[in-house]
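Structure at a glance
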Amino acid sequence: LLFPQRCHTLRMFSSSTTNPFLLHRATPCGEEAQKTEFLMFDPAQEEYLTFVDKPLPKDLIRSKLVGSSHGWGVYLSSPDYILISNYPSSSKSNPKIIDLPPRPSLNGSQTELVSGVAMSSSPEEEDCIIAVKYMGRPVSIYTPNKETKGFLLAMSTRLFDYFEQSKLMYSKRDQRFYMPSSGGHHLWSWVGLPSTTPQYHELNFHNLPKFSHSELQLFDSCYRAHELVESPSGQRFLVKWYVESPANKSLVFNCGGTKRFMVFREEEDMNMCYTEDIGDLCIFLGNNEPFCVNASSFSGLNPNSIYFLGEGYGEGYGVYDIATKTPRSFTPKSTPNCCSEQIVLPYWIPPMSH
């Protein structure tokens with residue numbers, strides 16, 4: 001059973017450009033855990049792919065994955081350090097692990113919880129800038145290939161209180177980092193340099209649909225998250241993600257209860273226009289920096305759709321048809337058994353060229 005799955009996976013990595021795929025989990029296997037078994041999920045074919053590779057580096061086993069971007073994982077390492085690595089998304093025989101400067105020393109446990117990670121480019125490129133958003137106000141900026149390795153971005157305005165759990169996105173079009181507020185009505189942006197001054201943007205919403213009473217009740221009962229994503233052509237979208245809350249409206253975000261997405265296309269001057277048609281595009285949201293691809297470039301992907309992944313292992317991922325407002329959980333023919341020793345948080349990996 002594993003042999004044909006391995007063949008599928010090798011084809012995925014051997015092509016000039018990989019499909020977007022989900023790194024579902026990694027588990028140690030073999031005698032004394034000398035190997036690591038990787039379980040991938042291909043959203044285009046809706047099937048699991050398994051392959052066995054060299055063991056996960058010890059530095060990563062002792063660390064906690066908190067996000068990913070450009071196929072690189074960002075790990076919190078005890079007691080104070082951050083690591084980034086292209087393992088296992090890299091097809092190279094020697095994956096890279098890069099140490100970043102220590103986490104900022106702040107009161108409380110703010111820097112132990114990360115809500116967002118974004119990169120301007122692959123860390124293998126000289127001008128790469130990495131942003132790590134902690135709970136509360138601090139944002140760390142890292143420039144791993146520069147003499148000045150990093151600095152703490154200070155957010156002093158009280159308005160930042162509404163950005164506590166925000167995700168990050170890097171805009172190639174503007175060459176700026178963006179962060180939506182938890183309410184989805186504002187954005188922060190900055191260029192990622194030590195001299196940067198964060199800019200505050202107010203969003204204006206247009207073409208809003210009329211909701212029925214039952215829809216309004218549904219929205220009121222849901223926990224809401226906001227993600228900003230940019231298409232390959234530079235068009236940006238704000239996505240509002242409505243998830244049915246557990247009992248007592250716990251803040252645990254499990255997309256197995258996804259009820260609705262609302263998509264707004266950015267027009268000029270921060271005007272956001274509601275849309276149910278993003279054309280050939282599909283959006284990937286989860287424990288990764290949001291990204292967007294052209295569905296026609298990858299056989300099997302559904303256009304005008306959102307591929308989503310929530311917290312937790314082995315559950316809570318699927319595809320949402322924007323036009324019909326219909327979420328669908330993936331139900332592959334065979335679901336691998338869950339392993340208590342899994343060591344990688346699931347996340348989407350964007351297409352990568354080799």
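Residues take numbers from 1 onward in each chain, read along the sequence in its written order. Predicted model: local features are reported for residues with pLDDT of at least 70 only, side-chain atom pairs are reported and counted for 80 or more only, and whole-chain, interface and lining totals are derived from all residues. Where side-chain values are given, they derive from all heavy atoms of the structure, hydrogens and water being excluded.

1. Some remarks on the pairing of strand β9 (residues 130-134)
Burial analysis of β9 places five of its five residues in the buried class, which makes it a mostly covered element. Relative accessibility thresholds used throughout: buried, under 20% of the residue-type maximum; exposed, over 50%; partly exposed, between the two (1.4 Å probe, protein chains only). In this description a helix means any DSSP run of H or I spanning at least four residues, a strand means any run of E spanning at least two, and both kinds are numbered starting from the N terminus. Side chains of β9 alternate between two faces, with Ile 130, Val 132 and Tyr 134 and Ala 131 and Lys 133 buried alike. In short, DSSP must find at least two bridges between two strands for them to pair. Where strand β8 (residues 114-119) meets β9, five bridges bridge the pair, whose relative direction is antiparallel. Bridge assignment links Val 114 to a residue of β9, and that residue is Tyr 134. With four bridges joining them, β9 and strand β10 (residues 139-142) adopt antiparallel strand pairing.

2. Things to note about the confidence of the model for the chain
Of the residues in the chain, 77% reach a pLDDT of 70 or more, and the chain-wide mean stands at 80. Summary of the metric used: pLDDT quantifies the predictor's per-residue confidence within the range 0 to 100. We call two residues contacting when some pair of their heavy atoms lies within 4.5 Å. With pLDDT under 50 throughout, residues 1-14 is counted as low confidence; its partners more than four residues away or in other chains account for 24 contacts. For residues 248-254, every residue scores under 50 in pLDDT, and the model assigns this stretch 15 contacts once sequence neighbours within four places are set aside.

3. Examining the side chain of His 201
Assignment of secondary structure puts His 201 in strand β15 (residues 199-202). Among the residues examined, His 201 registers a relative accessible area of 14% and is labelled buried. The term polar contact refers here to a pair of N or O atoms within 3.5 Å; inside protein, the definition further demands a hydrogen-donor-capable atom paired with an acceptor-capable atom, and it admits residues adjacent in sequence only when both atoms are side-chain atoms. Of the polar contacts made by the side chain of His 201, one reaches the side chain of Ser 189; its length is 2.7 Å.

4. A few points about the pattern of salt bridges
When a carboxyl oxygen of Asp or Glu lies within 4 Å of a side-chain nitrogen of Lys or Arg, that pair is called a salt bridge. According to the stated counting rule, one finds 10 salt bridges in the structure shown. Salt-bridge contacts for Glu 266 lead to Arg 173; the nearest nitrogen and oxygen are separated by 3.6 Å. On the criterion of sequence distance, the pair formed by Glu 266 in strand β19 (residues 258-266) and Arg 173 in the loop between β12 (169-171) and β13 (176-180) is long-range, its members being 93 residues apart. Overall, the relative accessible area of 10% leaves Glu 266 in the buried class. The partner of Glu 276 in a salt bridge is Lys 325, with the nearest N and O atoms 3.0 Å apart. You can see Glu 276 sitting in the loop between β20 (271-275) and β21 (281-285) and its partner Lys 325 sitting in the loop between β24 (317-321) and β25 (326-329), a full 49 residues away along the chain. Through salt bridges that share partners, Arg 173, Asp 174, Glu 230, Arg 236 and Glu 266 make up one connected network.

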